[in-house]
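Listed below are the residues making up each chain.
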Amino acid sequence: MAGETEITVVGNLTGDPELRYFQSGDAVANLTVANNPRYFDRKTGQWQDGQSVFLRCNIFRQLAEHAAESLTRGMRVIVQGRLRQRSFETKEGEKRTVVELEVDAIGPDLRYATAQVAKVTRAQAPAPEAGPWDAAPVPAGVGAGAEEAPF
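Residues numbered from 1 in each chain as written. Predicted model: local features only at pLDDT ≥ 70, side-chain atom pairs only at ≥ 80, totals over all residues. Heavy atoms only, no water.

**Side note on the pattern of salt bridges**
One pass over the full model with this rule turns up 10 salt bridges. Residue E4 is joined to R82 by a salt bridge in which the shortest nitrogen-to-oxygen separation is 3.8 Å. Here E4 is found in the segment before β1 (6-13), whereas its partner R82 is found in strand β7 (residues 76-89), with 78 residues between them in sequence. We classify R82 as buried; its relative accessible area is 16%. As a salt-bridge pair, E102 and R84 come within 3.2 Å of each other at their nearest N and O atoms. In this pair, E102 sits in strand β8 (residues 95-108) while R84 sits in strand β7, placing the two residues 18 residues apart along the sequence. Using a relative accessible area of 22% as the deciding quantity, one classes E102 as partly exposed. Classification of R84 as partly exposed rests on a relative accessible area of 30%. Put simply, E4, R82, R84, E102 and D104 are held in one network by salt bridges that share partners. (Salt bridge = Lys/Arg side-chain N within 4 Å of Asp/Glu carboxyl O. Helix = DSSP H or I, 4+ residues; strand = E, 2+ residues; numbered from the N terminus. Buried < 20%, exposed > 50% of the residue type's maximum accessible area, 1.4 Å probe, protein only.)

Structure (structure tokens):
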């Protein structure tokens with residue numbers, strides 16, 4: 001969607017992905033990525049730790065199952081997705097707002113690890129979701145062989 005805030009984060013998983021299923025059968029995995037920046041301080045000749053950032057991530061459908069099967073606590077990962085802001089009320093009645101990452105792609109950072117990739121075959125891949133345009137009838141005069149669309 002145009003105008004969405006897309007980001008890429010490189011960091012370590014703070015725990016194993018938590019895999020759950022909705023009543024519809026769709027999978028969702030939740031995980032947290034910690035980014036711990038370090039920089040070299042030339043004055044002291046020492047490495048310094050910057051402020052850590054912890055980003056909660058939500059992964060859906062087959063990607064969630066793949067992440068839960070492949071990734072574990074401590075792994076360095078590369079995560080790409082869209083920022084989402086969500087508001088809710090706690091049991092005590094306090095209003096809270098959180099920013100989370102809705103993940104589009106995730107994988108291990110191969111700078112510090114190796115990976116064996118097992119490609120999902122087409123028979124294993126889910127069918128694409130139907131959009132509202134899939135069931136709409138084609139108006140007369142539109143499509144193959146039409147000289148001009150009526151609009």
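**Remarks on the pairing of strand β4 (residues 38-41)**
Residues in a regular strand project their side chains so that they alternate between the two faces of the sheet. One ladder, built from four bridges, connects β4 with strand β5 (residues 46-49); its direction is antiparallel. Each residue of the ladder has a partner; that of F40, found in β5, is W47. (Pairing = 2+ DSSP bridges.)

**Remarks on the packing of aromatic side chains**
Taken as a whole and assessed by the stated rule, the structure comprises one aromatic pair. Here the aromatic rings of F40 and W47 are separated by 5.5 Å at their centres, their planes lie at 70°, and the arrangement is edge-to-face. Note on F40: relative accessible area 42%, which makes it partly exposed. Given a relative accessible area of 51%, W47 falls into the exposed group. (Phe/Tyr/Trp six-rings, centres within 6.5 Å; stacked < 30°, edge-to-face > 60°.)

**As for the environment of I106**
Relative to the assigned elements, I106 resides in strand β8. Sequence-wise, I106 and I78 are 28 residues apart; in three dimensions their C-alpha atoms are separated by 5.7 Å.

**With respect to the environment of G74**
Relative to the helices and strands, G74 resides in the loop between α1 (61-70) and β7. The partly exposed category is assigned to G74, whose relative accessible area is 47%. On a C-alpha basis, the gap between G74 and A34 in space is 9.5 Å, while along the polypeptide they are 40 residues apart. Sequence-distant contacts of G74, defined by excluding residues within four places in its chain, comprise N12 and L13. (Contact = heavy atoms within 4.5 Å.)

**Comments concerning the nonpolar core**
In terms of nonpolar packing, the biggest core is built from 17 residues, with V33, I59, V79 and I106 touching the most fellow members. Those elements that place two or more of their residues in this core are β1, β3 (27-35), β6 (53-60), α1, β7 and β8. Looking at this core, the element that brings in the most residues is β3, giving four residues. In this view, I59 contacts A27, V28, A29, L31, A64, A67, V103 and I106; residues no more than four positions away in its chain are not counted. (Core = buried A, V, L, I, M, F, W, Y, C linked by side-chain atoms within 4.5 Å.)

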